Amino acid sequence: MTAPTHRFLSLGAGVQSSTLLLLAAQDRIPSFDAAIFADTSWEPAAVYRHLDRLTGIAERAGIEVVRVSAGDIRADALDPAHRFASMPLFTLGPNGERGMARRQCTSEYKIKPIKAEVRRRLGYPHPMRVPAGVRADMAIGISVDEIGRARDSDVGYMRNVFPLLDLGWRRDDCLRYLSQQGLGDTPKSSCVGCPFHDDRFWAGLKANSPAEWADAVAFDHAIRDGSARANAEGHPLRGRFFLHRQRAPLDEVVLRPRPQAGDTLGCGPWTCPHEAPAAVDAAHKEVA
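The structure contained in this document is the topic of the report that follows. (Residues numbered from 1 in each chain as written. Predicted model: local features only at pLDDT ≥ 70, side-chain atom pairs only at ≥ 80, totals over all residues. Heavy atoms only, no water.)

**Things to note about the sheet that holds strand β2 (residues 34–38)**
Inference 1: Overall, parallel pairing links the 5 strands, which are arranged β3-β2-β1-β6-β7 in an open sheet. Looking at which strands have only one partner, the edges of the open sheet turn out to be β3 (64–68) and β7 (158–161). Ignoring which end each strand starts from, the neighbouring axes of this sheet average 30 degrees apart.
Inference 2: The pairing of strand β6 (residues 136–139) with β7 spans 4 bridges and is classified as parallel. Pairing of Asp137 across the sheet is with Arg159, part of β7.
Inference 3: Against the sheet, helix α2 (residues 45–60) touches β2 and β3, its axis set at about 145 degrees to β3. (Pairing = 2+ DSSP bridges. Helix = DSSP H or I, 4+ residues; strand = E, 2+ residues; numbered from the N terminus. Axes fitted to C-alpha atoms, helices over the stretch in contact; angles between N-to-C directions. Contact = heavy atoms within 4.5 Å.)

**Topic: the packing of aromatic side chains**
Inference 1: Per the counting criterion, the structure on display carries 4 aromatic pairs.
Inference 2: Here Phe201 and Trp202 contribute two aromatic rings whose centre-to-centre distance is 5.6 Å and whose plane-to-plane angle is 75 degrees, an arrangement assigned as edge-to-face. Each member of the pair, Phe201 as well as Trp202, carries the same accessibility label: buried. (Phe/Tyr/Trp six-rings, centres within 6.5 Å; stacked < 30°, edge-to-face > 60°. Buried < 20%, exposed > 50% of the residue type's maximum accessible area, 1.4 Å probe, protein only.)

**Regarding helix α8 (residues 210–222)**
Inference 1: Here α8 contains 13 residues, and its C-alpha end-to-end distance of 18 Å stays within 8% of the 18 Å for a straight helix at 1.5 Å per residue.
Inference 2: Inspection of α8 places Glu212, Trp213, Ala216, Val217, Phe219 and Asp220 among the buried residues, and these make up the whole buried set. Buried residues along α8 cover an arc of 165 degrees about the axis, so they all sit on one side. In α8, the exposed residues that point more than 90 degrees away from the buried face are Pro210 and Ala211.
Inference 3: The inward-facing, buried residues of α8 contact α2, α3 (73–77), α7 (199–208) and β8 (240–242). (Expected span 1.5 Å × (residues − 1). Arc of directions from axis to C-beta.)

**Section: the side chain of Asp199**
Inference 1: For Asp199, the position within the fold is in helix α7.
Inference 2: With no salt bridge to any partner, buried Asp199 finds its closest opposite charge in Arg256, at an N-O distance of 6.0 Å.
Inference 3: Of note is the side chain of Asp199, whose polar atom sits 2.8 Å from the backbone nitrogen of Arg256.
Inference 4: Ignoring any residue separated from it by four or fewer positions in sequence, one finds Asp199 in contact with His244, Val254, Leu255, Arg256 and Pro257. (Lys, Arg positive; Asp, Glu negative; His and termini not counted. Salt bridge = Lys/Arg side-chain N within 4 Å of Asp/Glu carboxyl O. Polar contact = N/O pair within 3.5 Å; in protein donor to acceptor, adjacent residues only side chain to side chain.)

**Focus: the side chain of His50**
Inference 1: Structurally, the position occupied by His50 is in helix α2.
Inference 2: For His50, a relative accessible area of 2% translates into the label buried.
Inference 3: In this structure His50 touches Ala13, Ser18, Thr186 and Pro187, once residues within four positions along its chain are discounted.

**A few points about the pairing of strand β1 (residues 6–10)**
Inference 1: Summarising burial for β1: 4 of the 5 residues are buried, a large majority.
Inference 2: As paired elements, β1 and β6 share 4 bridges and run parallel to each other. Each bridged residue has a counterpart across the sheet, and for Leu9 the counterpart in β6 is Ala139.
Inference 3: Alignment of β1 against β2, held across 3 bridges, turns out to be parallel. Bridged to Leu9 within β2 is Ala35.
Inference 4: Between β1 and its parallel partner β2, the chain crosses via helix α1 (residues 15–25), and the hand of that crossover is right-handed. (Right-handed = clockwise from strand over helix to strand, strands pointing away.)

**Description of the sheet that holds strand β5 (residues 98–100)**
Inference 1: Strand order across the open sheet formed by 3 strands is β5-β4-β8, with antiparallel pairing between neighbours. In this open sheet, the two strands that pair with only one neighbour each are β5 and β8. Each adjacent strand pair in this sheet contributes to an overall mean axis angle of 30 degrees, direction not counted.
Inference 2: As paired elements, strand β4 (residues 90–92) and β8 share 3 bridges and run antiparallel to each other.

**Concerning the packing of α7 against α8**
Inference 1: The interhelical angle for the contact between α7 and α8, taken along N-to-C directions, is 125 degrees, at an axis separation of 5 Å. Between α7 and α8, the angle falls in the class oblique. Handedness of the α7/α8 crossing: left-handed. Across the interface between the two elements, Trp202, Leu205, Lys206 and Asn208 from α7 touch Pro210, Glu212, Trp213 and Ala216 from α8.
Inference 2: Partitioned by chemical class, the residues of the contact of α7 with α8 number 5 nonpolar, 1 polar and 2 charged. (Parallel < 35°, antiparallel > 145°, perpendicular 65-115°, else oblique. Left-handed = near helix turned anticlockwise from the far one by under 90°. Nonpolar A, V, L, I, M, F, W, Y, C, P; charged D, E, K, R; others polar.)

Have a look at this one:
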């Protein structure tokens, strides 16, 4: 098979991908043509500050950090004219049935724009067919303790590689390394209003980021009866929708943050900790 012509990093701006960017900037692993950050436009402010910091480090090392986007996930969810890729909201049916909405947000707002950027840089933007043998390496920040999430790419023009596995590094090794580099405060990458947040996150947001807390509360109220598009088309979804697993308004939930031995995982494009690997493969399969 033809050798890859490009080498990219899937940059979620969380612990593992930040580690890979710094290692490349220090020539401890092969460098990248670009580090690609898929922006949902609803990351916590701390993530954007950290991304700006990473961008400066990368630029000094000759690595381009590119931000791609499929839109503003928060605004799209509330826009009746926009096709919305559903978030995994907690649902409460008319007879008390408890469930979750289908999760499409990572695929639509992270995976697809990254793939589109890779195609563009290879010279074959959609709908052009990428010729056999033309491909890029995509470095993904999966450490040894998450080895079950390491999967081959579902498209021929991209080969997934896992430098942390090659190094034998665990997440704790990444945290230790980032701390040594003065980046011990690397935040968790995830949307402000992600339903998978635990009470520790919500309590921290409420105490330390009141504007973002108010934003999440307002969004939670706005999605109570489903997406704006569903209602505008006269097809309201059955039941009610919530950000918190208690299926109560976020600002009325009694938050009970539990002590935790380590840090919580973020949501990378290919590394959401809340899905089984098989589910990840199915959700991210590219059609065509």
